[in-house]
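Fold and geometry: a report
Listed below, chain by chain, are the residues.
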Amino acid sequence: MGDAKSKSHVPGAAARALLVVVLALFPALVVPSTAPDTAQSMILLALFAGGIVFAEYASEYPGLIEFRFAAPFNRTRFALIALMTVLMALMQRNLVEPGILGGLATAAGALCGQILDFGLSPVRLLVNALPAAVPAEHLAMVRDGAALALVLAATTVAGFVTAIRLNAWPMGNGPFNVWINLPTFDPTAGNDVVLRLQRHARINIALGLVLPFLLPGAVIVSEVLVKPLTLLSPMGFVWGIVLWAYVPASLVMRGVAMARVARMIRASRRRFADSEGNAFATA
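All of the points below concern the structure found in this document.

The rules behind these values
- Residues numbered from 1 in each chain as written.
- Predicted model: local features only at pLDDT ≥ 70, side-chain atom pairs only at ≥ 80, totals over all residues.
- Heavy atoms only, no water.
- Axes fitted to C-alpha atoms, helices over the stretch in contact; angles between N-to-C directions.
- Helix = DSSP H or I, 4+ residues; strand = E, 2+ residues; numbered from the N terminus.
- Parallel < 35°, antiparallel > 145°, perpendicular 65-115°, else oblique.
- Left-handed = near helix turned anticlockwise from the far one by under 90°.
- Contact = heavy atoms within 4.5 Å.
- Nonpolar A, V, L, I, M, F, W, Y, C, P; charged D, E, K, R; others polar.
- Buried < 20%, exposed > 50% of the residue type's maximum accessible area, 1.4 Å probe, protein only.
- Arc of directions from axis to C-beta.
- Core = buried A, V, L, I, M, F, W, Y, C linked by side-chain atoms within 4.5 Å.
- 1 Å grid on protein atoms, 1.4 Å probe; cavity = no way out; pocket = protein on both sides within 12 Å on 5 of 7 lines; lining within 4 Å.
- Points joined across faces, edges and corners; volume = space filled by probe spheres on them.
- Phe/Tyr/Trp six-rings, centres within 6.5 Å; stacked < 30°, edge-to-face > 60°.

As for the packing of helix H4 (residues 73–96) against helix H5 (residues 100–116)
With their axes 8 Å apart at the nearest point, H4 and H5 run at an angle of 110 degrees to one another. Considered as vectors, H4 and H5 are oriented roughly perpendicular to each other. H4 and H5 meet at a crossing whose hand is left-handed. Residues Leu87, Leu90, Met91 and Asn94 of H4 form the contact with H5, whose participating residues are Leu101, Gly102, Gly103, Ala105 and Thr106. Classifying every residue of the contact of H4 with H5 by side-chain character gives five nonpolar, four polar and no charged.

What follows is the structure in C-alpha cells.
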C-alpha cells in the first residue's frame with residue numbers, strides 16, 4: 001500500500017521537475033549570444049535542480065521544500081521566478097534579435113526603470129554598485145530589468161498578502177499540518193510554537209525587505225575581494241537580476257505565510273479552549 005502511494009507522486013514530481021529544467025534552460029535557449037560553455041553549464045545546473053525537485057516531490061515524506069500541501073504557495077513562487085526569467089531573457093534577446101515580445105519586455109522595463117530610478121531606491125543602489133567601467137547602455141538595461149523584476153516581485157507579494165487577508169490561503173479542506181508543510185521547522189523544540197513562528201515570520205519579512213538594499217553592497221565587496229560582478233554576460237544579467245528580486249520576495253512570502261500559520265494555531269487553540277469550557281459548563 002505504501003509503495004502504491006509513493007508511485008502516485010511520481011507523475012506530478014516528473015512534471016514539476018520538467019518545468020524546472022525548462023525554466024533553467026530557457027534563457028540559454030532564447031538568447032542567441034550564449035556561449036557554448038555557458039550553455040553546457042546551464043544544462044548541468046538544470047538537471048541538478050530538476051533532480052532535487054523530482055526527489056522531493058516523489059517522496060511521501062517532506063524534506064526541504066516548504067508548503068508542499070498548502071497550494072498555491074509554491075506555484076505562486078514558481079510563476080514569479082518563471083515570469084521574471086522569461087522577461088529578462090527576452091530583454092537580452094531583443095539586443096541581438098529584436099522582436100515583438102522582446103520589444104514589449106524592453107518597453108515595460110524602461111517604464112518601470114523611469115518610475116523607480118530615484119534617490120535611495122534599490123534599483124538606483126544596484127546600478128550605482130556596478131563598476132565604473134560598465135558601459136552606460138548596459139547600466140540603463142540593468143536599471144530597467146531590475147525595476148521590472150522588482151515591480152513583479154512587489155505585485156506578487158501584495159497579491160499573496162491580499163489572499164491571506166481574504167482567508168484564501170491556505171486552500172483546501174482539513175487541518176493544516178505544520179510538520180509536512182514546514183519540514184525544516186521543528187514545532188516541538190524551544191518555546192511555544194506560536195511564539196517561534198511569529199519570531200521566524202518577523203525575521204523573514206525584515207530580511208526580505210532589507211535585502212534589495214543590502215545586496216548591492218555584495219556587488220561592491222566582490223569588486224574588492226574577487227572578480228567584480230558586472231552583469232555584462234547574458235546569463236549573468238538574467239540570473240543576477242532574477243535572484244536579486246526573487247530571493248527577497250520569497251522571504252517576505254515565507255514570513256507572511258508563517259505568521260498566518262501562527263494565527264491559525266492560535267485560533268485553533270482558542271476554539272478548543274472554548275469547546276472545553278462549554279463542555280465543562282454543560283457537565
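Observations regarding helix H6 (residues 122–129)
Those residues of H6 that fall on the buried side of the exposure criterion are Pro122, Val123, Leu126, Val127 and Ala129. Within H6, the buried residues cover an arc of 165 degrees as seen down the axis, which keeps them to one side.

So, the nonpolar core
If you look at the biggest cluster of nonpolar residues, it comprises 71 residues, and the most contacted ones within it are Phe67, Met84, Met88 and Leu197. Contributions of two or more residues to this core are made by helix H2 (10–30), helix H3 (36–58), H4, H5, H6, helix H7 (136–165), helix H9 (193–225) and helix H10 (234–282). Ranked by residues supplied to this core, first place goes to H10 with 19 residues. Beyond its immediate chain neighbours, meaning those up to four positions away, Met88 contacts Gly145, Leu148, Ala149, Phe237, Val238, Ile241 and Val242.

Points about the layout of surface pockets
As a volume, the largest pocket reaches approximately 1000 Å³. Space inside the second largest pocket adds up to approximately 330 Å³. If you go around the second largest pocket, you meet 19 residues; those closest to its centre are Val219, Leu229, Leu231, Gly236 and Gly240. Of the residues forming the lining of the second largest pocket, the biggest block, six residues, is contributed by H10. Taken together, the residues of the lining of the second largest pocket break down into 14 nonpolar, four polar and one charged.

Observations concerning the packing of aromatic side chains
Scanning the entire structure with this criterion turns up five aromatic pairs. Plain terms: the ring middles of Phe73 and Trp169 are 6.0 Å apart, the flat faces sit at 45 degrees to each other, and that makes the pair tilted. Of this pair, Phe73 sits in helix H4 while Trp169 sits in the loop between H7 and helix H8 (178–181), placing them 96 residues apart in sequence. Trp169 sits in the buried class, given a relative accessible area of 1%.

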